[in-house]
Amino acid sequence: MLFSMIAAKMEFAAPGNQISLAYTMPPKRFVSVKDMGAIGNGIDDDTKAITNAIGEAKSKGISTVFFPSGNYLIKQIGEKPGIIKLLTGINLVGTGPQTCHIILSGRRINPNSIFYQAWWEEPSIDNIVIEGIDFNGNLRKQKFDPGYQFCHALSINNGENIEVKNCRFQNFRGDGLLFGDTFEPTLNARIVSNVSVHNCFFFNIYREGVMFCCVNGASFYNNKVYGSGYLVGGVDIERHSANESVLNVSVHDNIFNFRYGYGPVERGKIIKYRRAITIGYFYSGYKNGSADSLSGHHSIYNNKIYQGQIDCFGHVNVKITGNTIINAFENIKGVLYVTTPAINVSEARVTTGLENVIVSNNYIKSSIPGNGIVFYKYQNIYSINNVLKGKDLGGVALIESKGEVRSNSELF
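Residues numbered from 1 in each chain as written. Predicted model: local features only at pLDDT ≥ 70, side-chain atom pairs only at ≥ 80, totals over all residues. Heavy atoms only, no water.

**Regarding the pairing of strand β33 (residues 379-384)**
- Summarising the sheet, strand β30 (residues 355-360) and β33 pair through 5 bridges and their orientation is parallel. Looking at β33, one finds that V357 is bridged to I381.
- Pairing of β33 with strand β36 (residues 403-406) involves 4 bridges; the strand directions are parallel. Each bridged residue has a counterpart across the sheet, and for S383 the counterpart in β36 is V405. (Pairing = 2+ DSSP bridges. Helix = DSSP H or I, 4+ residues; strand = E, 2+ residues; numbered from the N terminus.)

In structure tokens:
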């Protein structure tokens, strides 16, 4: 019901945001999950058939596992990281997210991810395409411990050349997609490079639509993020420890629409206003309190955000340009996990060397008081040609920061 209501409000299908739910043509050569015993009726367990299809494709040197139209139910529990193992070079292709559904069975307690990388067996997942599938974590029919956030649609810790397109991810306790790994004892022990996610839908994801942690080279574009949830954000570009690189991520031409649906109650109270794009480095922070070259060089541009914000904590060399942010009034005083600025460039501790962030040509219209642009503990910043519109909207604030602020317009 909620999905139908929101889908009916698809004013976001504008030029430059070509999100497709169209039928996906199968490749010329593939292994069909139905040939391996899958039923696709939403009742019988198709886990084994899907697993066997992936293994069959690998053994015969066929690059694609194909999912004909159907409702493929995943009933097996799996092991701690997940249920179905991904293999390098094996694509997963369905007929399109309107007709091809992979559904996690209900009545689980702290369920595992559906697809995952068994890195101790398959150390690198390379050269794969995920296309034309609706992934459904069945969130309302599961039970979770309060702090559990690890049920994802797909989790890939180490690999390269990964493309996810024309899919829908909905109703997951963790993430729709997770790329990279965290808290490793050696630098970039597991890292994902050259990954793209485009022309997809993300709906009702508890933690984040996509998490990029330990990545070098990623793009997220022409996607739509909406619905309830998003405890962390629609897109999270996050470094967790000194032994990770989080570099060269671009997020552009997406729509983040948080006007319908609500944030998790863990925020302190239920609200709509949430992080659309969040860039961060928290936990222990940089060694010796000095920024290094392993987190930054990101581009955030041409996104449309409703009831949300962009923030950047502790990364360097970041461009935030040409975004449109429109926020209606909400009383967010005292709400956890959200700060009020529409664009917030800050540091949570004392770190030297935080610099080179450009915020330019953004349009912000807001009735949330103080919901402007803030720089905190950053040097060599630029705020140029931004338009801030709203009676109670704050302007550009530099707090313990230095840089160039010019040609910003405040309209009432």
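**Notes on the side chain of E330**
- Assignment of secondary structure puts E330 in the loop between β28 (324-327) and β29 (343-346).
- This buried residue, E330, is left without a salt bridge; K272 holds the nearest opposite charge, at 6.6 Å.
- Polar contacts involving the side chain of E330 include one to the side chain of Q307, which spans 2.7 Å.
- Excluding residues within four positions of it along the chain, E330 makes contact with I271, K272, Y273, Q307 and I368. (Buried < 20%, exposed > 50% of the residue type's maximum accessible area, 1.4 Å probe, protein only. Lys, Arg positive; Asp, Glu negative; His and termini not counted. Salt bridge = Lys/Arg side-chain N within 4 Å of Asp/Glu carboxyl O. Polar contact = N/O pair within 3.5 Å; in protein donor to acceptor, adjacent residues only side chain to side chain. Contact = heavy atoms within 4.5 Å.)

**So, the pattern of salt bridges**
- Summed over the entire model, instances satisfying the criterion amount to 11 salt bridges.
- Between R168 and D134 there is a salt bridge, and its shortest N-O distance comes to 3.4 Å. With R168 in strand β13 (residues 168-172) and D134 in strand β10 (residues 134-136), the pair connects residues that are 34 residues apart, well separated along the chain.
- The exposure class of R168 is buried, given its relative accessible area of 4%.
- The residue R190 makes a salt bridge to D181 at a minimum N-O spacing of 2.8 Å.

**Examining the packing of aromatic side chains**
- Scanning all chains against the criterion turns up 17 aromatic pairs.
- Ring centres 6.2 Å apart and planes at 70° place the aromatic pair F201 and Y226 in the edge-to-face group. Of this pair, F201 sits in strand β16 (residues 201-205) while Y226 sits in strand β19 (residues 224-229), placing them 25 residues apart in sequence. Comparing F201 with Y226 shows no difference in burial state: the two are buried. (Phe/Tyr/Trp six-rings, centres within 6.5 Å; stacked < 30°, edge-to-face > 60°.)

**Focus: the nonpolar core**
- Residues F115, F135, F169, F179 and F212 are the most contacted members of the largest nonpolar core, which totals 86 residues.
- The element best represented in this core is helix α2 (residues 47-60), accounting for 5 residues.
- Excluding residues that lie within four positions of it along the chain, F169 makes contacts with F135, A153, L154, V164, G176, L177, C200, F201, F202, F203 and I205.
- Residues I271, V335, V338 and I368 belong to the second largest nonpolar core, which totals 6 residues. (Core = buried A, V, L, I, M, F, W, Y, C linked by side-chain atoms within 4.5 Å.)

**Some remarks on the confidence of the model for the protein**
- Mean pLDDT over the protein works out to 93, with 95% of the residues at or above the 70 mark.
- Note on residues 1-16: pLDDT is under 50 here. Beyond four places in sequence and across chains, it has 20 contacts. (pLDDT = per-residue confidence, 0-100.)

**A word on unusual backbone geometry**
- Notably, N161 is not glycine yet its phi reads approximately 60°, a positive angle.
- Within the secondary structure layout, N161 lies in strand β12 (residues 159-165).
- The backbone of N288 sits at a positive phi, close to 60°, despite the residue not being glycine.
- If you trace the backbone, N288 turns up in the loop between β23 (274-281) and β24 (295-301).
- When its relative accessible area of 82% is taken as the criterion, N288 is described as exposed.

**Observations regarding the pairing of strand β18 (residues 215-221)**
- Taking burial as the measure, the 7 residues of β18 include 5 buried ones, the bulk of the element.
- One ladder, built from 6 bridges, connects β18 with strand β21 (residues 246-252); its direction is parallel. From the neighbouring strand, S219 faces β21, where its bridge partner is S250.

**A word on the side chain of N112**
- One can find N112 in the loop between β7 (100-104) and β8 (113-116).
- Judged by relative accessible area, N112 falls into the buried class, the value being 11%.
- A distance of 2.8 Å separates a polar side-chain atom of N112 from the backbone oxygen of I77.
- Polar contacts involving the side chain of N112 include one to the main-chain carbonyl oxygen of E79, which spans 2.9 Å.

**Topic: the environment of Y363**
- Checked against the element boundaries, Y363 lands in strand β31 (residues 363-366).
- For the pair formed by Y363 and L388, sequence separation is 25 residues and the distance between their alpha carbons is 6.2 Å.
- Not counting chain neighbours up to four residues away, the residues in contact with Y363 comprise N323, T324, I325, V387 and K389.

**Examining the sheet that holds strand β17 (residues 208-212)**
- Spatial strand order, β5-β8-β11-β14-β17-β20-β23-β26-β29-β32-β35: 11 strands in an open sheet with parallel pairing. Each edge of the sheet is formed by a strand with only one pairing partner; in this case those strands are β5 (82-85) and β35 (396-399). Averaged over all pairs of adjacent strands, the angle between their axes in this sheet comes to 15°, without regard to strand direction.
- For β17 and strand β20 (residues 233-239), the ladder comprises 4 bridges, and the chain directions are parallel. Across the sheet, F212 pairs through a bridge with I237, a residue of β20. (Axes fitted to C-alpha atoms, helices over the stretch in contact; angles between N-to-C directions.)

**Some words on the environment of P146**
- Relative to the helices and strands, P146 is located in the loop between β10 and β11 (154-156).
- Taking C-alpha positions, P146 is 21 Å from D236, a pair spaced 90 residues apart along the chain.
- Those residues in contact with P146, other than ones at most four positions away along the chain, are R173, Y206 and E266.

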